[in-house]
Amino acid sequence: MRQLLPLLAIVAAPVFAGQFSVSPIRVDLNNAQKSEAITVANTGDTPLRISVELKRWTQDATGADHYQAGNELVYFPRQMEVPVGEKRIVRVGRKGAPKASEAAYRLYINEQPPEASSNAGGQVSMVVSFGVPVFVAPKTPDAQLQMHTPRVEKGNLILDLKNSGNSTVRLSRAVLGDEVIDNFPRWYLHPGIKQHYQLPLPQAACKLSGEVQLTLESTLKPQTTTITLPKNPCAQ
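The rules behind the values
- Residues numbered from 1 in each chain as written.
- Predicted model: local features only at pLDDT ≥ 70, side-chain atom pairs only at ≥ 80, totals over all residues.
- Heavy atoms only, no water.
- Pairing = 2+ DSSP bridges.
- Helix = DSSP H or I, 4+ residues; strand = E, 2+ residues; numbered from the N terminus.
- Axes fitted to C-alpha atoms, helices over the stretch in contact; angles between N-to-C directions.
- Phe/Tyr/Trp six-rings, centres within 6.5 Å; stacked < 30°, edge-to-face > 60°.
- Buried < 20%, exposed > 50% of the residue type's maximum accessible area, 1.4 Å probe, protein only.
- Lys NZ or Arg CZ within 6 Å of the ring centre and 35° of its normal.
- Salt bridge = Lys/Arg side-chain N within 4 Å of Asp/Glu carboxyl O.
- Core = buried A, V, L, I, M, F, W, Y, C linked by side-chain atoms within 4.5 Å.
- Contact = heavy atoms within 4.5 Å.
- Disulfide = S-S within 2.5 Å.

> Can you walk me through the sheet that holds strand β18 (residues 194-200) in this structure?
Through backbone hydrogen bonds, the strands of a sheet pair up, either in parallel or in antiparallel fashion. With antiparallel pairing, the three strands of this open sheet are ordered in space as β13-β14-β18. Two strands lie at the open edges of the sheet, namely β13 (145-153) and β18, each paired on one side alone. Adjacent strand axes in the sheet meet at a mean angle of 15 degrees, parallel and antiparallel pairs treated alike. Where strand β14 (residues 156-163) lies against β18, seven bridges are found, and the strand directions are antiparallel. Paired with leucine 161 across the two strands is glutamine 195, which belongs to β18.

This is how it looks when you write it as structure tokens:
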């Protein structure tokens, strides 16, 4: 029996997933970079069998992610074996000219279960699927992030964000005074998407009151504003 553990890349450093590592964990294709090489390294103690699958990545009006099979990019190999301690390369590239708006994908590096043996019995094989974000930049990139009326209500930082540009924005963190809030349930906002965030304040932020500086950090320039907190912002 095979059990799949999906992992989605949200950090910048190479990621170790199960018995293998993947680097880079984000791919940006544009006029200057039309293809990219992704390195898969076997960090385990048994040969690694890998399959590779491309899916188109979209978001609906609520910001929820959706994935569908896609063939708009070139990628190879689709199947490979990585011996212990060695590395293999997966190449991905765009097919045609860029469009008016960005296209987003995830390239899944799927660990395959070991070949069945006669004494396997009813053992469960734990395997990992790692989705590398792949962004195909538009002809004229224009990333914009709007923040509407940020506020604190009942111990939560309320953020209403809209990506009004044509390129995906990845959120990093919000800083309220000196307190860091980085527990975004969804890190990426695709072009045209609105998202309502209700982020619990860290305990130390419950002591803040009055006018406090709020900074939102993302892949764009940080946005800073001032919000007014009640005397006890964490009161229910």
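> I would appreciate a short explanation of the packing of aromatic side chains in the present structure.
Given two aromatic rings, one states the distance between the centres and the angle between the planes to describe the pair. A complete count under the given rule lists seven aromatic pairs for this structure. Ring centres 5.2 Å apart and planes at 80 degrees place the aromatic pair tryptophan 57 and tyrosine 188 in the edge-to-face group. In this pair, tryptophan 57 is assigned in strand β6 (residues 48-59) and tyrosine 188 in strand β17 (residues 188-189), connecting sequence segments 131 residues apart. The residues tryptophan 57 and tyrosine 188 share a single accessibility class, namely buried. Among the aromatic residues, those joined into a ring-pair cluster are Trp57, Tyr67, Tyr108, Phe135 and Tyr188. The residue whose ring lies beneath arginine 78 is tyrosine 75, and the NZ or CZ to ring-centre distance is 3.8 Å.

> Explain the pattern of salt bridges here, please?
A side chain of one charge can pair with a side chain of the opposite charge if their charged atoms are brought near each other. Taken as a whole and judged by the stated rule, the model has five salt bridges. The partner of arginine 88 in a salt bridge is glutamate 86, with the nearest N and O atoms 3.2 Å apart. Among the residues examined, arginine 88 registers a relative accessible area of 30% and is labelled partly exposed. The class of glutamate 86 is partly exposed, set by a relative accessible area of 37%. What you see here is one network of salt bridges that share partners, running through Arg151, Glu153 and Asp160.

> Would you mind going over the pairing of β14 with me for this structure?
Taken residue by residue, a regular strand's side chains alternate between the two faces of the sheet. Taking burial as the measure, the eight residues of β14 include six buried ones, the bulk of the element. Sheet topology note: the β13/β14 ladder contains seven bridges and is antiparallel. Note that in β14 the partner of leucine 145 across the bridge is asparagine 163. Turn length for the β13-β14 hairpin, with the two strands adjacent in sequence and antiparallel, is two residues, and the turn residue lysine 154 shows positive phi of about 50 degrees.

> Is there a simple way to think about the nonpolar core in this case?
Most often, soluble globular proteins have nonpolar side chains that are buried together. The biggest cluster of nonpolar side chains holds 29 residues, and the ones touching the most others in it are Leu157, Leu159, Leu161, Leu176 and Phe184. At the level of elements, β13, β14, β15 (169-176), β17, β18, β19 (210-218) and β20 (223-229) are the ones that each hand at least two residues to this core. Considering every element that reaches this core, the biggest residue donor is β15, with four residues. In this structure, leucine 176 is in contact with Val152, Ile181, Leu201, Leu208, Val212, Gln213, Leu214, Ile227 and Leu229, ignoring residues within four places of it in sequence. Core analysis: the second largest hydrophobic core is formed by 26 residues, Ile25, Leu48, Met80 and Phe130 among them.

> Would you mind going over the state of the cysteines with me for this structure?
By definition, a disulfide links the sulfur atoms of two cysteines through a covalent bond. Applying the stated criterion to the full structure yields one disulfide. Between the sulfur atoms of cysteine 206 and its disulfide partner cysteine 234 the distance amounts to 1.8 Å. Torsion about the S-S bond of the cysteine 206 and cysteine 234 cystine: about -80 degrees, corresponding to left-handed handedness. Within this pair, whereas cysteine 206 is found in the loop between β18 and β19, its partner cysteine 234 is found in the segment after β20, the two being separated by 28 residues in sequence.

> I keep staring at the pairing of β15 and nothing clicks. Help me out?
Counting buried positions over the eight residues of β15 gives six, a clear majority of the element. Across two bridges, the pairing between β15 and β17 is antiparallel. What sits directly across from arginine 170, in β17, is tyrosine 188. Here five bridges tie β15 to β19, and the two strands are oriented antiparallel to one another. Across the sheet, residue alanine 174 finds its bridge partner in β19, namely leucine 216.

These figures capture arrangement, not role.
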